[in-house]
Amino acid sequence: MDRTERTMIEIRFHGRGGQGAVVASELLAQAAFLDGKESQSFPFFGVERRGAPVTAFARIDDRPIRLRTSIDAPGVVVVLDPGLLRTTPVTEGIRSGGLLLVNTAADPASLPAPAGVRRAAVDATRIAVAHGLGSVTTPIVNTAVLGALAAATGVVGRTALEAAVDRFVPAFHAENRAAVDDGFAAVRFAPADAPAPAPVVPVPAALPPWPEGPVASIPSRALRTAAWRTLTPVVHTERCTRCNFCWKFCPDDAIGFDAEGYPVIRLDYCKGCGICATECPPKTIEMVAVAEAPA
Amino acid sequence: MAKLTLPDSERMYSGHAACPGCGPALAMRLLLKGLGPKTIVSIPACCWTVIATPYPTTALGVATFDNPIEATGASISGLRAAADALGLEGVQVVGFAGDGGTADIGLQSLSGMLERRTDAIYVMYDNEGYMNTGIQRSGATPRGAWTTTTPVGGSARGKPEAKKDIMGIVLAHRPVYAATVNPAFPEDFVRKVERAAERKGPRFFHVFAPCPPGWKFDSDQTIELGRLATDSGIFPLYEVDEGRYRVTRKGGALKPVAEYVRAQGRFRHFTESDIAALQAEVGARWEALLRAERETAAPEAVPVAAH
């Protein structure tokens, strides 16, 4: 018996800590409820640190929802930060015929997805910045993305979304309503016949065998925190004086040295905080967008 | 290769779960640089529990003990007693707790540990609030700061009360050694830890630990903010060794506090008169600190009470 298939819509949000992914899932569920639907939303309970990949879920149905599990086979995947497409298998488990919606200025035909998945894009960052939501470096894009989601799927009405904004968003009501409208109008689709690049494959966690008993004994170096990074430090060694300021101020111990004593960023762990670049006396370290960093 | 100004040992591992630019993470890294491999760190519920130990991993290359938030002082007394009972030589017992777990919830067990003369180092990393649970005010939150429980808007203007003076509370217990440290001054930090490690009895560190999401500043500014805090007198660096004060950084005239205040979103609502009030308070505390240093400078300088 699969009663979920017919009317329930399952939506999974991927964002970064501080971007509003959890609030997006809550607002969507509240809006659906105002639309007279049954709905639920909840985040993946994990480390919700600023910059860390965050997952949140929402279900919408005409009938009572009895499922209480996280969503493994979403009909819709919403990605608030396009950088996650490079590091996180966001489309894992997405249903055939499902929709991938990404906040990006890029052409939706360039978005990686499994075959048979529809792809849409909205430049929610531009909309958020235009309405002064968040800051230029960390815009809060969730309401613009929800407007695009409403337009792309019809799971929820624009009026209900705006009502949810007024009731549940603490501030900037007019700006957030405008962002919903702009997102609604700005959604773009990839042609159905456009070939899609393959999505990133989940890397199996390289954990050694688990220890016996309740003692945590595997060094955390087994965990890669590179996916947290939105900016990457690039060292221009020609100006480097080997003063080691970058090394001594790194909160992640993510800087080592090469044989000549020049700093080497350990990119598996660097979270991109930028302290090394700011503290470097001759300014030899430059923070560049992950997408533009040399591989 | 240039000479390193800090020990190259790394007992805090990469891959931990601290936010980008985390002051407490750098504080732990520097602390462990000053201590040997035979160290036991006891951590209560706080950011560092989450940072260190997503099971089955650990970010600490030393023995680690998780304890309840009110029990850090008691736990290090117990760990010390156990190490002594087992006849373990050269073990350094360290409590590493946040300001909420120290100055508020754990104050009784800290006081008990100091009063029992437990041979251990207690470290309070001060990010000035309950940051792990989402930025609630603590006793160590400074006056006027925005937190989720001391909002700003209408007649609400952030936390109405002053910051709790944890060094004053600890020094009233007469520890063998107590010091303030700041990751923006790593050489001073590690030197003080090495100095404390040579002593026996209760020792205490008050660590300045900037929190980018909680204090609302960009993650690359952690060190710059630390420098401003110390050089403006908000967080002076000093040590109290057997009751004798020594200020370890004096840069001539203090910088105005305005630069420190204006660098953080949690003080965005501060008016010129708020800043002037803070400036007066900081100036008075700095003078009192210099006075304490003069008065305790040498045994003969201690005034003898006339009878």
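Procedures and definitions
- Residues numbered from 1 in each chain as written.
- Chains lettered and ligands numbered in written order.
- Predicted model: local features only at pLDDT ≥ 70, side-chain atom pairs only at ≥ 80, totals over all residues.
- Domains from an automatic or database assignment.
- Contact = placed C-beta atoms within 7 Å.
- Nonpolar A, V, L, I, M, F, W, Y, C, P; charged D, E, K, R; others polar.
- Helix = DSSP H or I, 4+ residues; strand = E, 2+ residues; numbered from the N terminus.
- Pairing = 2+ DSSP bridges.
- Axes fitted to C-alpha atoms, helices over the stretch in contact; angles between N-to-C directions.
- Parallel < 35°, antiparallel > 145°, perpendicular 65-115°, else oblique.
- Left-handed = near helix turned anticlockwise from the far one by under 90°.
- Expected span 1.5 Å × (residues − 1).
- Buried ≥ 20, exposed ≤ 12 C-beta atoms within 10 Å, placed from the backbone.
- Arc of directions from axis to C-beta.
- Right-handed = clockwise from strand over helix to strand, strands pointing away.

Draft legend 1. Structural view of the domain arrangement of chain A. Residues and elements named next belong to chain A. Split by domain assignment, chain A resolves into domain 1 (7–189) and domain 2 (223–292). Placing the centre of domain 1 and that of domain 2 at their C-alpha centroids yields a distance of 33 Å. Listed by partner, the interface residues are 6 residues for domain 1 and 7 residues for domain 2. Here the residues of the side of domain 1 that touches domain 2 sort into 2 nonpolar, 4 polar and no charged.

Draft legend 2. Highlighting unusual backbone geometry. Residue and element names in this part refer to chain B. At Ile-135, a position not held by glycine, the phi torsion is positive, near 65°. Topologically, Ile-135 is positioned in the loop between β5 (120–126) and β6 (152–153). Although it is not a glycine, Arg-174 sits at a positive phi angle of roughly 55°. When you line up the elements, Arg-174 lands in the loop between α6 (166–171) and β8 (177–181).

Draft legend 3. Region of the structure containing the interface of chain A and chain B. Across the contact, 39 residues belong to chain A and 37 residues belong to chain B. Breaking the side of chain A that touches chain B down by element, the ones donating at least two residues are β8 (218–219) and α9 (275–279) of chain A. Broken down by element, the residue count for the side of chain A that touches chain B peaks at 4 residues, all from α9(A). When grouped by side-chain class, the residues that make up the side of chain A that touches chain B number 18 nonpolar, 10 polar and 11 charged. Summarising the sheet, β8(A) and strand β2 (residues 57–58) of chain B pair through 2 bridges and their orientation is parallel. In the sheet register, A:Ile218 faces β2(B), and the bridge partner there is B:Thr57.

Draft legend 4. Focus on the environment of A:Ala21. Residue and element names in this part refer to chain A. Along the chain, the position of Ala-21 falls in helix α2 (residues 21–34). The sequence separation of Ala-21 and Thr-55 amounts to 34 residues, and the corresponding C-alpha distance is 7.2 Å. Excluding residues that lie within four positions of it along the chain, Ala-21 makes contacts with Phe-13, His-14, Gly-15, Val-54, Ala-56, Leu-80 and Asn-142.

Draft legend 5. View of the sheet that holds β5(B). Residues and elements named next belong to chain B. The strand order β3-β1-β4-β5-β9-β8-β10-β11 describes an open sheet built from 8 strands, whose pairing is mixed. What marks the edges here is a single partner per strand, and that holds for β3 (63–67) and β11 (244–247). Looking at each pair of strands side by side, their axes are set apart by 15° on average, direction ignored. Two elements, strand β10 (residues 238–241) and β11, share 4 bridges in a ladder whose sense is antiparallel. Bridge pairing links Glu-239 to Arg-246 in β11. The sheet contacts of helix α3 (residues 72–85) involve β1 (39–44), β3, β4 (92–98) and β5, and relative to β4 the element is tilted by about 170°. Contacts from helix α7 (residues 186–197) reach β4, β5, β8, β9 (202–208) and β10 within the one sheet, and its direction differs from that of β8 by about 165°.

Draft legend 6. Structural context of the sheet that holds strand β7 (residues 188–189) of chain A. Residue and element names in this part refer to chain A. Read from one edge to the other, the open sheet built from 7 strands follows the order β2-β3-β1-β4-β5-β6-β7, with strand pairing classed as mixed. Single-partner strands in this sheet number two, and they are β2 (38–43) and β7. Judged from the 4 bridges that link them, strand β1 (residues 9–16) and strand β4 (residues 76–79) form a sheet pairing that is parallel. Bridge pairing in β4 links Arg-12 to Val-77.

Draft legend 7. A look at the packing of α2(A) against helix α5 (residues 142–153) of chain A. All names here are of chain A. Axis separation between α2 and α5 bottoms out at 9 Å; the angle between their running directions is 45°. Taken together, the axes of α2 and α5 lie oblique to each other. With respect to the hand of their crossing, α2 and α5 are arranged in right-handed fashion. Here Ala-21, Val-23, Ala-24, Leu-27 and Leu-28 of α2 come into contact with α5, specifically with Asn-142, Val-145 and Leu-146.

Draft legend 8. Quick peek at α7(B). Its 12 residues give α7(B) an end-to-end C-alpha distance of 16 Å, which sits within 8% of 16 Å, the value for a rise of 1.5 Å per residue. Among the residues of α7(B), B:Pro186, B:Phe189, B:Val190, B:Lys192, B:Val193 and B:Ala196 are the ones counted as buried. One side of α7(B) carries all its buried residues, which in axial view fall inside an arc of 160°. Looking at the buried side of α7(B), the elements it contacts are α8 (245–248) of chain A together with α1 (23–33), β5, β8, β9 and β10 of chain B.

Draft legend 9. Up close: the pairing of β8(B). Residues and elements named next belong to chain B. Burial analysis of β8 places 5 of its 5 residues in the buried class, which makes it a mostly covered element. In this sheet, β9 lies alongside β8 in parallel orientation, the contact comprising 5 bridges. The residue of β9 that forms the bridge with Thr-180 is His-206. Handedness of the β-α-β unit built from β8, α7 and β9 comes out right-handed. As paired elements, β8 and β10 share 3 bridges and run antiparallel to each other. Looking across to β10, one finds that Ala-178 is bridged to Val-240.

Draft legend 10. Quick look at the packing of α5(A) against helix α6 (residues 158–168) of chain A. All names here are of chain A. Two numbers describe how α5 lies on α6: the axes approach to 10 Å, and their chain directions differ by 160°. Relative to α6, the element α5 lies roughly antiparallel. Judged by the twist between their axes, the crossing of α5 over α6 is right-handed. Contact residues: Thr-143, Leu-146, Gly-147 and Ala-150 in α5; Arg-158, Leu-161 and Val-165 in α6.

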